[in-house]
Each structure stands twice: as C-alpha cells, then as structure tokens.
Amino acid sequence: MHEHNPLTRSSTATTRSTTDMGGIKPRLSLPTKIGRDRSPGLQWHREYTPETMKRPRCLMIDYVRKEAGARTRKVIAEEIQDIYTLKKVYAGKRDPSTELRLFHIQNWPEATRFMIHKFRLHEDDDLTGQSGFADWVAQKKPARRAGKPLLLARTWKVSSDPWRRVTKCAVGLDIMKRYKCSDTPTDRMGLETRVTGLMGYDDADNPILHSNVYAQRTSMYVQYSHPDLATPGPDVVSPYMRQHDHRPLDELYDNGNTIIIFDNSDSHSINDTLIPARGEWESRWRRLPFYLNNIKNSGDEDEEEMRGDCMRTITQDVFKAVAECWDELLEASWEHVSILEDKIFEHPADESRAPELWRNSAKWLKYEKLMYGHQDAVNDLRKYLVELDGDLSDEGQWLKEAPADFKRLENLIEEDLVKRTSNLSELMYKSVGIRDTRESLRLGASMWRLSWITFIFLPLTFLCSFLGMNVDTFSNNPSIKWYFISAAPFMIIVLIFWYLLKHWFAKSRQMPLQRGAYEALFIELQTMRPEIWTRQGPREYVHPADRMSRIKWALMTRWTSGDAIPRASGISTEDEPIGTWNRVKRFLIERWTREIVLASEEDVEATGGLVFSTIAKTVESSVGTALPEDMAGEEVSDFEDVSERGAPARNSGVLVEERADADVMWDPNRLGIREVDWADRMGRLRQREDERREKEVSKEEEGLREEKLEDEKDI
C-alpha cells in the first residue's frame, strides 16, 4: 500500500523529473516536492542508443475493460517506430474492449499526418471539425515574427460529430526548453527557434554562457465517445456524403475514447520533448489503473468511472510536465539574474550594462506573455473538458492542480526576474546620476579656480590697458614704476570690495539648512573634544591657555561660522570637501582640535572679576526695567556691585564657559548678587494692589452717597 497520493502533492511544487539539472544550482525560493510516490522501475523490451534516440517514436497504451470475474485490468503498451506498424494497428475495427487509448507521438511527421486523417482533424467544418488544429499540429516549430519565434498558446472549444458519435476538444502550447551548451551541439539546433541564452557557473564557479533556450511545440487532442448521441435530421447534410470511400465510419476513423499527445523537440531527440521517452510520466501511464486503485483503496470501480479518472490524470500530467519545464527554466534564469546582480553591484555606475539590462527585461516580458497564454489555456480547457462528456458533476476535477501551479510560476517570474531586473536598472541609473553630479561639482570647482585666476589678473590687465592708451597724459612715456605703484593699491581696493560683497551682503542670503550639511563634521569634532565643540559648531565660551591656542581657536571659529563652514568629511573619498582650500581647512581643524590647550578653572576664577561685575550690571539693569516703577528704587538696592570688593581692575577678556551639567547648582553669591525672595516681593505687590482697589471702591461709594443726599434735598 502506498502511503501518499501519487497524483496529488502535499505542496504547491510541481512534479519534477529525476534528470540532472545541468549544473544549475538549486534556488532556495522554489518549493521542494514532499511525499510523492515515484513510478515503479518498469522494464522495456529494448534499450535505446544515442542513434535510436534521434528516431521518431510513438507510444500507444490501451486501457482494456476488465473481464468478468477478473481482479485486475489489462494495460497494453507498445512502442512503434515505423509507419507500417502504426497503420497495422488500424487494419480493422478498433477492439470494443479498449476503454481508452493513448498516443504519445514524438518527432514523427508521418505519424502526425496519419493521425490527422484517422481522427479527421483536418476538417474545417464548424459543426464537426477543429478549425486550424491540423495546421497547428503539422507545423512542428512555432511561428516567427520579425525573425524571432512567436510563442503562442491556443485552445479549441468542444465540438461534436453526431455521425461518428464523438465530442472533442484540443489545446496547443508553445514551450521554452532549456538545453545545456556543453551537452547539445549548437550546430544541430535550429537558430530560428532559439529564444535566448542564459549565463551560469561552470565547475570552477566562473560565469559563462551556460544554457540556450529553444522554442518547442506540443499539442493534445482529447476525444470522448458518445454512443447515445442523436443524429441530426434530414435537413442537415452529412459531411461524409462527399467522400469517395463508402466504408462504415467506424472502419474509416477511430471513434473511441482517445487522447493524442503530439510532442516535438528542437534537438530531434525523443528524450528532449516535453514528456521524455520512458520517463516518469510514461511509466506512470503504463500502470495508471494500479495507481488509481491504490488511491481509492477499492477494486470495484466501474468502467466509466475508471475511464474518467484515467483521462483526468493524463491531462493533468501533461500540464504538470509543462510546469516542470517552467521550473527548470526559471531556475536557470534566476542564476542568470544573480550573475548580472554581482556585476552591477561591483560597479553600479557602469552605464555600459544598460543594454544588457534592457535585453533581460525583454526576455522576462516574453516569459510573462507566454505564462499568461498558458494560464488562459488552462482556464479554457478546464471548461471544455467538463463539457466533453456532458456530465457536469465532475466540474472542478479536471486540471484541478494546474491553476495553482501556474499562479506560483507567475509569481516567481514577477518576484525573481522582473522586479530584480527593475531594481538593478534603478540602482544603475541612480549611481550614474550621483557620479555625474559629482563630476559636475568638480567641474564647477575647476571653473571657480579659473575665475579666481581671472579675478586676480583683471585689475592688472586693466592697468596695462589704461597705461597703454595713446593720450597726451602719457606722451612723455612715464616710468615703469608707476605701474607697480598704482597696481598695489588698486589690487587692495578690489580685494576689499570683494570681501564686503562676500562677507557682508551674502550673509542675508545664507541657506537655512546650510549648517545641517556639515553636521557629520561637528559630531566627529564633538566626539573628539566635547568641551569645545557641540553638534551645532564651536562653543561660545572657550578659554585657550596660551597665545598659539587662542590664534588657532580664533581661526577655527572663523572657518566654521556662517557660510565659511567646510564640508563634512564622511568615510569614503567621495565625501571629501570640494576644493583644495576646504580640504586644508578641514585637516587643520581636526588637527588643531587635538592640540588646543584650555586654561584651568582656577585661572578662570582668578581672572573673572570684571566678568562678574559686567554680569551684575546687566542683571541690575534688567531687573530694574522689569520691576514696577514704585519698586524699582527699592529692589535695585538688593544688588551689590562686586567690583567694590577688591576685584582686579584689569580686563582679562575672558568669558565664562557655558555649563549644562545637571549637578552644577546655580549660586548667585558667586556673582556677587544677594539672593532675592521673589515670593515675598510678589506678595507685597498683590497687597498694595488690593489696597489701591479698596480705596477706589470706597471713593465710588462716597460719591454715590453724596449724589443720593443731593437728590433727597431737591425732593
């Protein structure tokens, strides 16, 4: 007993062959097949050699009706490789005990023409024929447009032949088959059917042209026998009246339940068709009743039910083989895109890869179009097969796994091929844009240097032109010294004028986000010396210890203020400041930040008397202005000038460093300011305001009393 269902899968992965994947590394995004029984190792009568694999072949399998009292059904399989043997099969009438007949024709045009005649596929009558299907089958290779293969997928709806008492439908698919370059000689392959080439890795993990993809054509014809199908009335003329052969129709044509698979390969090998010769699918079909009995665990299935199950299984297996071919192709295409990703990630700004990206986008567009065609064919055929036997109770049972398989394949094409290639194109164009922008900035810097050279020599050129004029003033040919005497002050005047324009007028036009562009440099400097740098720039109160440190700090403060801020350094060389002078300034700022020596706190406190006096006066004026007029004189007396307490008279020029530490408490006595009880002062202010309001109310009441008394006197 088999533990798993051999015709269904426990995952959405399609059935996969046991052949080698041709060196293609497995893709992690592909689901793996789990819990599927394999076909038994059936013995074939003769072995194929490489020469015989190139010969055409037809596999015929007859599913015979179970005899009365028999426990098993008979399955007759025969491999035919000459047209005489094939015609001999139809020397007489078809055996009535054959419930279902399967033909798998591989690379055999003569057998194809014979089947077209035997099953009347060439009939273009809208009532009884499949118009255009015979032409599709006879054309082994896909059609071409503009010199390239045009991949299509078609279905032929259900038609009935009441005189033969059969209903029929058909499907035709163009598929893309991958061939390894090392295994298949390209001179034997048709260049007119080559779709594309795919890169892959060789044994040494070097990227090479690994595979070629060729277009192949496969078709399937399904015929169902309806013994009870009514013949039209005399008003409808039979199409068989015009034929010269007056033998019975059951002798001229095969009117039984039949499935015909027309399979072709571009290499002319029966092992390279969609369904390989003697592969897993054919081995399954040879023992199909055995599989179906194991699935249902019953041996009393009637003939009609067994026939329907066999037809559903065979048609499902054909589309599983198509999905398996897609899986193999997508694995090779996934590796092709991975190689292209490695190339572009190594040099993202190399625009020479753009044509290759465009060609790959065109490839994936062909994949998508063919996938949509296959999906439409599956959906149409599911409806036609239900109508084939006239029994709508099995709706949804035909090709029930195919829609999920092809939907998964569509998602793989979109996610693994189309989106990845689109992301690579976007990355390349953005990198090229960044590179071109930097080149433009460097070109602008070069033009800026050239403009400076022109600016320097412009006053000198003007003086040369002025002194060289032929006027009476210079008729005596004055000495050359006058040129240098006038050039020096003239240059100084021009430089002063430039300085005023740059540093005075341009300050009102600074960008509001200018300092944010250099935040990385300030963060780096703050990490190095947090006592003198912040994330917004240099601190306002810094006391260098010696003269050299003060000079360095003054230059650094000037260079990092306003529009003179140098560009942030960053990590890579692409983030370096533009211009030599900016790079020199950044280098000096980073170096001097490490070298600056700050004065100790004792030195700051010893020289801070004048600073404290200045702050006290400022606080005094601020408090005097803020207090009410009637308290200004009283509150000002609460502050004392610390300059009278013996503070040094000289001005040290030192500013107090700003502190933001939470553990430093504010001590007003350090600044010579007496602590003021603001709560008490506010209380007295409120009391005086209340007294003033009471006086105003009492005055109003007295006025009202006087007016009342005067009114009484008048009365």
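Cut-offs applied
Residues numbered from 1 in each chain as written. Predicted model: local features only at pLDDT ≥ 70, side-chain atom pairs only at ≥ 80, totals over all residues. Heavy atoms only, no water. Buried < 20%, exposed > 50% of the residue type's maximum accessible area, 1.4 Å probe, protein only. Helix = DSSP H or I, 4+ residues; strand = E, 2+ residues; numbered from the N terminus. Arc of directions from axis to C-beta. Contact = heavy atoms within 4.5 Å. pLDDT = per-residue confidence, 0-100. Phe/Tyr/Trp six-rings, centres within 6.5 Å; stacked < 30°, edge-to-face > 60°. Salt bridge = Lys/Arg side-chain N within 4 Å of Asp/Glu carboxyl O. Axes fitted to C-alpha atoms, helices over the stretch in contact; angles between N-to-C directions. Parallel < 35°, antiparallel > 145°, perpendicular 65-115°, else oblique. Left-handed = near helix turned anticlockwise from the far one by under 90°. Nonpolar A, V, L, I, M, F, W, Y, C, P; charged D, E, K, R; others polar. Polar contact = N/O pair within 3.5 Å; in protein donor to acceptor, adjacent residues only side chain to side chain. Patch = residues over 30% accessible without salt bridge, like charges linked within 9 Å, V, L, I, M, F, W, Y side chains within 5 Å. Areas by Shrake-Rupley, 256 points an atom, 1.4 Å probe, with all protein chains shown as cover.

Quick word on helix α11 (residues 519-528)
When α11 is considered as a whole, its buried residues turn out to be Leu521, Phe522 and Leu525. Buried residues of α11, seen end-on, are gathered within an arc of 95° and therefore sit on one face of the element. Where the residues of α11 are buried, they touch β11 (533-534), β12 (537-538) and α13 (580-595).

Side note on the confidence of the model for the chain
Averaged over the chain, the pLDDT score is 78; the fraction of residues at 70 or greater is 75%. When pLDDT is averaged over each element of the chain, strand β10 (residues 258-263) comes out on top at 96 and helix α16 (residues 629-636) at the bottom at 45. Note that residues 510-517 has pLDDT below 50 and, in this model, 12 contacts with residues that lie over four places away or in other chains. pLDDT under 50 marks residues 567-576. Its contacts with residues more than four places away, or in other chains, come to 23 contacts.

Details of the packing of aromatic side chains
The geometry of an aromatic ring pair comes down to the distance between the two centres and the angle between the two planes. Across all of its chains, the model carries 20 aromatic pairs by this definition. For the pair phenylalanine 462 and phenylalanine 490, a centre-to-centre distance of 5.7 Å together with 20° between the ring planes defines the contact as stacked. Highlighted residues: phenylalanine 462 in helix α9 (residues 402-467) and phenylalanine 490 in helix α10 (residues 481-505), separated in sequence by 28 residues. By relative accessible area, phenylalanine 490 is classed as partly exposed at 28%. One aromatic cluster in this structure is built from Phe119, Phe133, Trp136, Trp156 and Tyr221.

Section: the pattern of salt bridges
In this structure the tally under the stated criterion is 28 salt bridges. The partner of arginine 307 in a salt bridge is glutamate 99, with the nearest N and O atoms 2.5 Å apart. Placement of arginine 307 in helix α7 (residues 303-346) and of glutamate 99 in strand β3 (residues 98-106) is noted, with a sequence separation of 208 residues between them. Each member of the pair, arginine 307 as well as glutamate 99, carries the same accessibility label: buried. Counted as one network, the salt bridges with shared partners bring together Arg57, Glu79, Arg278 and Glu282.

Some points on the packing of helix α12 (residues 547-559) against α13
Two elements in contact, α12 and α13, have axes separated by 10 Å at closest approach and are oriented at 135°. Considering the angle they form, α12 stands oblique to α13. Seen along the crossing, α12 lies across α13 with a hand that is left-handed. Taking contact as the criterion, the partners of Lys552, Leu555, Met556 and Trp559 in α12 are, on α13, Trp581, Lys585, Leu588, Ile589, Trp592, Thr593 and Glu595. Of the residues assigned to the contact of α12 with α13, the class counts are seven nonpolar, one polar and three charged.

A few points about the packing of α7 against α9
The N-to-C vectors of α7 and α9 enclose an angle of 15°; their axes lie 10 Å apart at closest approach. Classified by the interaxial angle, the pair formed by α7 and α9 is roughly parallel. The chirality of how α7 crosses α9 is left-handed. Taken together, the residues of the contact of α7 with α9 sort by class into 18 nonpolar, four polar and six charged.

Considerations on the side chain of asparagine 360
Position of asparagine 360 relative to the elements: it lies in helix α8 (residues 354-388). Exposure remark for asparagine 360: the relative accessible area of 2% places this residue in the buried category. Once you skip the residues sitting within four places of it in the chain, asparagine 360 turns out to touch His336, Leu340 and Thr421.

Let's talk about the side chain of arginine 529
Among the structural elements, arginine 529 can be located in the loop between α11 and β11. On the basis of relative accessible area, arginine 529 is assigned to the buried category, the value being 13%. Within the structure, the side chain of arginine 529 is placed 2.4 Å from the side chain of glutamate 531, a separation counted as a polar contact. Excluding its chain neighbours within four sequence positions, the residues that come into contact with arginine 529 are Thr593, Arg594, Ile596 and Leu598.

A word on a nonpolar patch on the surface
Together, Leu443, Met447, Leu450, Ile453, Ile456 and Phe457 make up a nonpolar patch on the protein surface, roughly 590 Å² of accessible area in all. Taking the relative accessible area as the measure of exposure, isoleucine 453 reaches 47% and is therefore partly exposed.

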